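Structural overview
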Amino acid sequence: MLLQLAVAAMVGAMFLLKGHREAVSAAAGGFTVALGTALMSVQAFGRLVGGAAAFVRLLLGMLLKWAVVVGGLGLILFHYKLPPLAAVTGLVAAYAVYLLAFRFKG
């Protein structure tokens, strides 16, 4: 999650060259993914439970994560009317770090 926050800040800083709204949009897209990951982690790994219960908690955590990501993207695009390309770029960059972290972990 910390890597996702760092990437969100870096993408926001890079979009600062295009303008303030683009920078906020890119950073918000990345921060949305980081928030979703944090909430998923708390839900899935909050306490020790048996195998079936752990699987259910993991599935609920994933659903929570995607609800936060989709809802956050909807807020960014439709409520605040920020630039969509920057928001999607921040979202994809933060999620790519998430996938790369799993690739190099084991």
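Look up a bit, the structure's there.
Structure report, in brief. (Residues numbered from 1 in each chain as written. Predicted model: local features only at pLDDT ≥ 70, side-chain atom pairs only at ≥ 80, totals over all residues. Heavy atoms only, no water.)

So, about unusual backbone geometry. Glycine aside, negative phi is the norm for most residues, and most peptide bonds take the trans geometry. Even without a glycine there, the phi angle at K81 is positive, about 55°. Take K81: it is sitting in the loop between α3 (51-79) and α4 (84-103). (Helix = DSSP H or I, 4+ residues; strand = E, 2+ residues; numbered from the N terminus.)

One pass over the structure, following the stated rule, counts two aromatic pairs. An aromatic cluster is present here, built from W66, Y95 and Y98 joined pairwise through their rings. K65 extends its terminal NZ or CZ atom over the ring of Y98, reaching a point 3.6 Å from the ring centre. (Phe/Tyr/Trp six-rings, centres within 6.5 Å; stacked < 30°, edge-to-face > 60°. Lys NZ or Arg CZ within 6 Å of the ring centre and 35° of its normal.)

Between the first and last C-alpha of α3 there are 40 Å, a value that for 29 residues agrees with the 42 Å anticipated at 1.5 Å per step. Burial in α3 covers these residues: R57, G61, K65, V68, V69, G72 and I76. Tucked inside the fold, the buried residues of α3 contact α2 (20-45) and α4. Among the residues trailing α3, K81 stands out with phi positive, at a value near 55°. (Expected span 1.5 Å × (residues − 1). Buried < 20%, exposed > 50% of the residue type's maximum accessible area, 1.4 Å probe, protein only. Contact = heavy atoms within 4.5 Å.)

This part is about the nonpolar core. In terms of nonpolar packing, the biggest core is built from seven residues, these being V7, V11, F15, A26, A86, A93 and V97. Among the elements of the structure, α1 (2-15) and α4 are those that each provide at least two residues to this core. Not counting residues up to four positions away in its chain, the partners in contact with V11 are A26, T89, G90 and A93. (Core = buried A, V, L, I, M, F, W, Y, C linked by side-chain atoms within 4.5 Å.)

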